[in-house]
Amino acid sequence: MARPWPEELRFSKADKALHVRFDDGVAFAIPFQTLRVESPSAEVQGHGRDQKIIVTGKENVQISAAEPVGRYAVRLVFDDGHDSGLFTWDYLYALGQAEQSA
C-alpha cells in the first residue's frame, strides 16, 4: 500500500495551525504548539528510549519558516529558535491522526 503523500501544506498564523491535506483525501489541522512539543528532534525526543523531554509554555509559538528537505520531509523553524526537527510526511500524518483522536 502506498503511503499518503502531502498535496498541500498551509500555515495559518490566525489559528496557529498547520493545515495539511494528503492524497488519500485526509486533511488535518495540527496546532503549532503540538508540532513544537512533539518535534522529532533529539532536543525533544532525547537520544534513546524513554528520554523524551516535556516541553511546556509553547501555547503561543509560531512558525517563522518551513524548508523542504528532499522529497520526504519539511524542517520547521519556530519563533522560539527551535529548528532541528525534520517532520517527515509519515510523522505529520501520525501527528494529525493523534490530534484528531484527542
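Here we summarise the structure given alongside this text. (Residues numbered from 1 in each chain as written. Predicted model: local features only at pLDDT ≥ 70, side-chain atom pairs only at ≥ 80, totals over all residues. Heavy atoms only, no water.)

**As for the pairing of strand S2 (residues 17–22)**
So, point 1. The buried fraction of S2 amounts to five of the six residues, a majority that puts the element mostly inside the structure.
So, point 2. Bridge count for strand S1 (residues 6–12) against S2 is six bridges, and the pairing is antiparallel. Across the sheet, Ser12 pairs through a bridge with Ala17, a residue of S2.
So, point 3. Connecting the antiparallel pair S1 and S2 is a turn made up of four residues, with Lys16 showing a positive phi of about 50°.
So, point 4. For S2 and strand S3 (residues 27–31), the ladder comprises five bridges, and the chain directions are antiparallel. Across the sheet, residue Val20 finds its bridge partner in S3, namely Phe28.
So, point 5. As consecutive antiparallel partners, S2 and S3 are separated by four residues, and within that stretch Gly25 has a phi angle of approximately 90°, a positive value. (Buried < 20%, exposed > 50% of the residue type's maximum accessible area, 1.4 Å probe, protein only. Helix = DSSP H or I, 4+ residues; strand = E, 2+ residues; numbered from the N terminus. Pairing = 2+ DSSP bridges.)

**A closer look at the packing of aromatic side chains**
So, point 1. Applying the stated criterion across every chain yields a total of six aromatic pairs.
So, point 2. A ring pair is formed by Phe28 and Tyr93, whose centres lie 5.3 Å apart and whose planes are at 90°; its orientation type is edge-to-face. Remark: Tyr93 occurs in helix H3 (residues 89–101) and Phe28 occurs in strand S3; sequence separation between them is 65 residues. Grouping residues by exposure puts Phe28 and Tyr93 together as buried. (Phe/Tyr/Trp six-rings, centres within 6.5 Å; stacked < 30°, edge-to-face > 60°.)

Function cannot be read off these values alone, since they describe shape.
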